[in-house]
Amino acid sequence: MSILSTLATPGPWHALTFGALFGTQFYQTFVGGIIAYKALPRPMFSQLQQRVFPVYFTLQSVLPALVLITHPTASVPSLLTTSSPYFYNTTVPLLLVISTSILNLVVIGPATTAVMRKRKIQETKEGKKYYDEGPKSETMKKLNSKFGRIHGISSLLGLVGFMGAAAYGVVLGSNLNF
């Protein structure tokens, strides 16, 4: 079998898609986000994340579905059947990634952006940044607290999604034969 003919089978696409899924999760969570946070001033970091996260969460919603579709040894219907041997070790972890990412994309992300906009308005009213030293108004304290909660939820969802992908990575790796 030639290299080109293997591309007509789902196995290589499955591996490449999973690699893209896990790679983007790992990089965004443990490398790119941390470097950007340390290197950029807060306003620039915030603008960057507002542009990156919708794309990232969209990828994190689509890629696990593609991993399921390209599963080399199971049909999509068998992956969705609870009596299938693949359901709990493949479908459940990947559905976890999909659901946490969709929640971040559709609910948590927009809520975070809304709080950030309210904070920006409050900064204009008060004449100082939300992160400036010194006492904060009650409104700013509430906005900062709300942002912290929403950001914490988003981070937790991201971590749960990462663990779901890692769990499937272990399953995938244990089934590789060289």
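Note that the coordinates shown come from a computational prediction; the quantities given were computed from them, not determined experimentally.

**Brief notes about the environment of Phe57**
Stage number 1. Its location among the elements puts Phe57 in helix α3 (residues 42-69).
Stage number 2. The exposure class of Phe57 is buried, given its relative accessible area of 8%.
Stage number 3. Separated by 87 residues in the primary sequence, Phe57 and Asn144 place their C-alpha atoms 23 Å from one another.

**Overview of the layout of surface pockets**
If you roll a probe as big as a water molecule over the atoms, it shows you where there is empty space left.
Stage number 1. Here the largest pocket is characterised by a volume of approximately 1300 Å³.
Stage number 2. As for the largest pocket, its lining consists of 44 residues, of which Phe45, Gln49, Phe53, Phe147 and His151 are closest to the centre.
Stage number 3. Each residue belonging to the lining of the largest pocket can be placed in one class, and the counts come to 18 nonpolar, 20 polar and 6 charged.
Stage number 4. By volume, the second largest pocket is sized at about 250 Å³.

**Things to note about the packing of helix α5 (residues 87-126) against helix α6 (residues 138-174)**
Stage number 1. At a minimum axis distance of 8 Å, the contact between α5 and α6 shows a crossing angle of 160 degrees. By the angle between their axes, α5 is roughly antiparallel relative to α6. Taken as a pair, α5 and α6 cross one another with a handedness that is left-handed.
Stage number 2. Residue composition of the contact of α5 with α6, by class: 20 nonpolar, 12 polar and 5 charged.

**Structural notes on the UniProt feature "transmembrane region" (unreviewed entry) in the chain**
Stage number 1. The UniProt entry lists residues 20-40, 52-74, 94-116 and 150-171 under the feature "transmembrane region" (unreviewed entry), expressed in the numbering used here.
Stage number 2. Between the end C-alpha atoms of residues 94-116 the distance is 31 Å, and the span holds 100% helix and 0% strand.
Stage number 3. Between the C-alpha atoms that bound residues 150-171 there is a distance of 32 Å. The span itself is 100% helix and 0% strand.

**Here's the deal with the pattern of salt bridges**
Stage number 1. This model, assessed by the stated rule, comprises 2 salt bridges.
Stage number 2. Between Glu123 and Lys120 there is a salt bridge, and its shortest N-O distance comes to 3.6 Å. Placement of both Glu123 and Lys120 in helix α5 is noted, with a separation of 3 residues, approximately one turn of the helix.
Stage number 3. Take Glu123: its relative accessible area is 8%, and that puts it in the buried class.
Stage number 4. Residue Lys141 is joined to Glu138 by a salt bridge in which the shortest nitrogen-to-oxygen separation is 3.3 Å. One end of the pair is Lys141 and the other is Glu138, both in helix α6 and 3 residues apart, which spans about a single turn.
Stage number 5. Looking at Lys141, the relative accessible area reads 42%, which means it is partly exposed.

**Notes on α3**
Stage number 1. With 28 residues, α3 should reach 40 Å at 1.5 Å per residue; the first-to-last C-alpha distance of 40 Å fits that figure.
Stage number 2. Maximum bend of α3: about 30 degrees, positioned at Val52, with proline Pro54 one to four residues after it.
Stage number 3. All buried positions along α3 are accounted for by Phe45, Gln49, Tyr56, Phe57, Gln60, Ser61, Leu63, Pro64, Val67 and Leu68.
Stage number 4. Residues of α3 that are buried sit in contact with α2 (10-39), α4 (76-79), α5 and α6.

Conventions adopted
Residues numbered from 1 in each chain as written. Predicted model: local features only at pLDDT ≥ 70, side-chain atom pairs only at ≥ 80, totals over all residues. Heavy atoms only, no water. Helix = DSSP H or I, 4+ residues; strand = E, 2+ residues; numbered from the N terminus. Buried < 20%, exposed > 50% of the residue type's maximum accessible area, 1.4 Å probe, protein only. 1 Å grid on protein atoms, 1.4 Å probe; cavity = no way out; pocket = protein on both sides within 12 Å on 5 of 7 lines; lining within 4 Å. Points joined across faces, edges and corners; volume = space filled by probe spheres on them. Nonpolar A, V, L, I, M, F, W, Y, C, P; charged D, E, K, R; others polar. Axes fitted to C-alpha atoms, helices over the stretch in contact; angles between N-to-C directions. Parallel < 35°, antiparallel > 145°, perpendicular 65-115°, else oblique. Left-handed = near helix turned anticlockwise from the far one by under 90°. UniProt positions renumbered as here; feature names shortened; annotations may be inferred. Salt bridge = Lys/Arg side-chain N within 4 Å of Asp/Glu carboxyl O. Expected span 1.5 Å × (residues − 1). Bend = angle between axes of the 7 residues up to and from the residue. Contact = heavy atoms within 4.5 Å.

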